[in-house]
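An overview of the molecular structure
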Amino acid sequence: MDAIKNFIDNYLIWMSLPQFTKTDIFEILIIAFALYHIILWVKNTKAWVIVKGIIVLLIFSLIASILHLNVILWIFKNTISVSIVAVVIVFQPELRKALEQLGRKNLVSSIIQFEDSKDKNEKFSDKIISEIVRATFELAKTKTGALIVIERNIILSEYERTGIQIDSIISSQLLINIFEHNTPLHDGAVILRENRIAAATCYLPLSDNMQLSKDLGTRHRAGIGISEETDAVTIIVSEETGKVSVAESGRLIRNIDGDYLKTKLQDMKKKTTEVKGIKLWKGRRGNEKKAD
Ligand SMILES: Nc1ncnc2c1ncn2[C@@H]1O[C@H](COP(=O)(O)OP(=O)(O)OP(=O)(O)O)[C@@H](O)[C@H]1O
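Parameters at a glance
Residues numbered from 1 in each chain as written. Predicted model: local features only at pLDDT ≥ 70, side-chain atom pairs only at ≥ 80, totals over all residues. Heavy atoms only, no water. UniProt positions renumbered as here; feature names shortened; annotations may be inferred. Patch = residues over 30% accessible without salt bridge, like charges linked within 9 Å, V, L, I, M, F, W, Y side chains within 5 Å. Areas by Shrake-Rupley, 256 points an atom, 1.4 Å probe, with all protein chains shown as cover. Salt bridge = Lys/Arg side-chain N within 4 Å of Asp/Glu carboxyl O. Helix = DSSP H or I, 4+ residues; strand = E, 2+ residues; numbered from the N terminus. Near = heavy atom within 4 Å. Polar contact = N/O pair within 3.5 Å; in protein donor to acceptor, adjacent residues only side chain to side chain. Nonpolar A, V, L, I, M, F, W, Y, C, P; charged D, E, K, R; others polar. Core = buried A, V, L, I, M, F, W, Y, C linked by side-chain atoms within 4.5 Å. Buried < 20%, exposed > 50% of the residue type's maximum accessible area, 1.4 Å probe, protein only. Phe/Tyr/Trp six-rings, centres within 6.5 Å; stacked < 30°, edge-to-face > 60°. Pairing = 2+ DSSP bridges. pLDDT = per-residue confidence, 0-100. Contact = heavy atoms within 4.5 Å. Expected span 1.5 Å × (residues − 1). Bend = angle between axes of the 7 residues up to and from the residue. Arc of directions from axis to C-beta.

Per an unreviewed UniProt entry, the protein chain goes by Diadenylate cyclase and derives from Mobilisporobacter senegalensis. Heading Catalytic activity (unreviewed entry) of the UniProt record for the protein chain holds this comment: "2 ATP = 3',3'-c-di-AMP + 2 diphosphate".

**Re a nonpolar patch on the surface**
A cluster of nonpolar side chains, contributed by Ile55, Ile59, Phe60, Leu62, Ile63, Ile66, Leu67, Leu69 and Ile72, occupies part of the molecular surface with about 820 Å² of accessible area. The greatest single-element share of the nonpolar patch, amounting to 6 residues, is contributed by helix H3 (residues 47-66). Within the secondary structure, isoleucine 55 is located in helix H3.

**A look at the site of the ligand**
Neighbouring the ligand are 16 residues, the closest being Asp187, Thr218, His220, Ser238 and Glu239. Between glycine 188 and the ligand, the recorded distance is 2.9 Å, taken from a backbone N or O atom to an oxygen atom. Within the backbone of leucine 204, an N or O atom sits 2.8 Å from a nitrogen atom of the ligand. Relative to its unbound accessible surface of 640 Å², the ligand loses 79% to contact with the protein. The greatest single-element share of the shell around the ligand, amounting to 4 residues, is contributed by helix H11 (residues 218-229). Taken together, the residues of the shell around the ligand break down into 7 nonpolar, 5 polar and 4 charged.

**Remarks on the nonpolar core**
Ile132, Ile150, Val190, Leu192, Ile235 and Leu265 are the most contacted members of the largest nonpolar core, which has 28 residues in total. The greatest single-element share of this core, amounting to 7 residues, is contributed by helix H8 (residues 126-141). Membership of the second largest hydrophobic core comes to 19 residues, among which are Leu156, Ile191, Cys202 and Leu216.

**Quick notes on the packing of aromatic side chains**
In this structure the tally under the stated criterion is 1 aromatic pair. Ring geometry for phenylalanine 60 against phenylalanine 76: centres 6.1 Å apart, planes inclined by 70 degrees, an arrangement best described as edge-to-face. Taken together, the residues span a long stretch of sequence, with phenylalanine 60 in helix H3 and phenylalanine 76 in helix H4 (residues 70-90) at a distance of 16 residues.

**What to know about the UniProt feature "transmembrane region" (unreviewed entry) in the protein chain**
The feature "transmembrane region" (unreviewed entry), as given by UniProt, occupies residues 25-42 and 49-67 in the numbering adopted here. Here residues 25-42 is 100% helix and 0% strand, with 25 Å between the C-alpha atoms at its ends.

**Considerations on the pairing of strand E4 (residues 196-202)**
Judged by how many residues are buried, E4 sits mostly within the fold: 6 of 7 residues are covered. Looking at chain direction, strand E2 (residues 164-169) and E4 are connected through 4 bridges and run antiparallel. Looking across to E4, one finds that isoleucine 164 is bridged to alanine 200. Bridge count for strand E3 (residues 189-193) against E4 is 4 bridges, and the pairing is antiparallel. Paired with leucine 192 across the two strands is isoleucine 197, which belongs to E4. Between the antiparallel neighbours E3 and E4 lie 2 residues, among them glutamate 194 with a positive phi of about 50 degrees.

**A word on the confidence of the model for the protein chain**
When the pLDDT values of the protein chain are averaged, the result is 81; 78% of them are 70 or greater. For the stretch residues 272-292, pLDDT sits under 50, and the model shows 42 contacts to residues farther than four places along the chain or on other chains. Quick note on the complex model: pTM equals 0.65, ipTM equals 0.94.

**With respect to the environment of asparagine 209**
Turning to its location among the elements, asparagine 209 is positioned in the loop between E4 and H11. Take asparagine 209: its relative accessible area is 23%, and that puts it in the partly exposed class. Each C-alpha atom of the pair asparagine 209 and glycine 250 lies 8.7 Å from the other, and the pair is 41 residues apart in sequence. Those residues within four positions of asparagine 209 in sequence are excluded, and the remaining contacts are Arg221 and Glu228.

**Remarks on H4**
Given a rise of 1.5 Å per residue, 21 residues ought to cover 30 Å, and the 29 Å separating the end C-alpha atoms of H4 matches this to within 8%. At isoleucine 80, H4 is deflected by roughly 45 degrees, the largest bend along its length.

**Observations concerning helix H10 (residues 172-179)**
Among all positions in H10, only Ser172, Leu175, Ile178 and Phe179 are buried. Projected down its long axis, H10 carries its buried residues within an arc of 125 degrees, all on one side. For H10, exposure combined with an orientation more than 90 degrees from the buried face picks out Gln173 and Asn177. Turning to H10, the residues buried within the fold contact H8, strand E1 (146-150), E2, E3 and E4.

**A closer look at unusual backbone geometry**
Glycine aside, residues mostly have negative phi, and peptide bonds are mostly found in the trans state. For aspartate 167, which is not glycine, the phi torsion reads 45 degrees and is therefore positive. Among the structural elements, aspartate 167 can be located in strand E2. Aspartate 167 gets classed as partly exposed once you look at its relative accessible area, which sits at 45%. Despite not being glycine, asparagine 255 has its phi angle at roughly 55 degrees, a positive value. Secondary-structure assignment places asparagine 255 in the loop between strand E7 (251-253) and helix H12 (258-270).

Rendered as structure tokens:
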């Protein structure tokens with residue numbers, strides 16, 4: 001009997017479940033949330049390349065340690081601190097962007113969707129979507145260049161400040177008028193917030209993605225740039241070809257038609273927010289009267 005007890009004490013004790021307190025569960029949730037966002041950030045930025053490089057180096061150092069390649073291990077050990085500093089310097093723009101986004105994002109509302117954000121989505125009604133689609137393809141027909149940014153969860157006030165404030169209900173006529181050639185508001189981007197045109201002539205960050213087609217000019221690069229830095233969806237009408245493209249999460253879908261754009265905007269509206277495994281559906285019905 002004693003032998004069994006000793007065996008349990010010595011070898012099986014680690015199998016017993018550790019004691020969990022509420023604080024531990026809270027800590028695990030925070031760490032899981034932080035890890036999820038770090039992994040998302042790594043996947044969506046150039047950091048993914050460096051993570052792959054680090055994995056290769058780790059495998060290489062493991063092999064070196066198994067084979068007792070002492071000189072290589074010594075070099076690894078002595079260059080690790082220099083490498084960390086080098087990574088921080090090389091990825092300074094990405095780190096800065098990530099910290100900026102952290103500052104801009106309302107962390108609490110990204111966990112719990114408050115009435116406010118539900119409201120915001122409701123205002124972006126089917127009528128508003130139709131107005132945007134109509135304006136886009138009217139502009140395309142006359143080959144009038146346009147850049148329309150639709151704000152989502154990340155607030156775009158930083159970019160809005162670079163333009164002229166409009167704050168008017170969205171209508172196809174107003175959008176068409178803004179992008180009319182040789183008018184004071186036609187240059188730059190329009191920012192849409194909920195059911196309103198927040199600002200025009202806004203300056204957006206240009207994408208530095210080297211893989212983008214060389215025939216894309218600054219209008220398209222600006223549309224992609226803002227979609228890389230924020231969760232906004234951008235509609236771009238080419239002045240040269242009259243073709244319509246849409247940018248989201250740094251990806252550009254070119255030469256789309258009205259039905260595609262309508263579905264895209266409706267999908268964007270309906271998109272679920274998945275937090276802690278709970279799907280919180282965003283509102284459906286528009287409520288323009290209330291907004292006015
Ligand atoms: N950083 C920026 N932010 C907002 N708008 C911009 C920015 N850069 C350029 N634009 C807009 O793009 C216009 C220039 O477009 P350009 O011809 O270079 O682009 P493009 O992608 O080739 O588009 P298009 O097919 O319409 O010619 C500018 O007049 C301006 O309205």
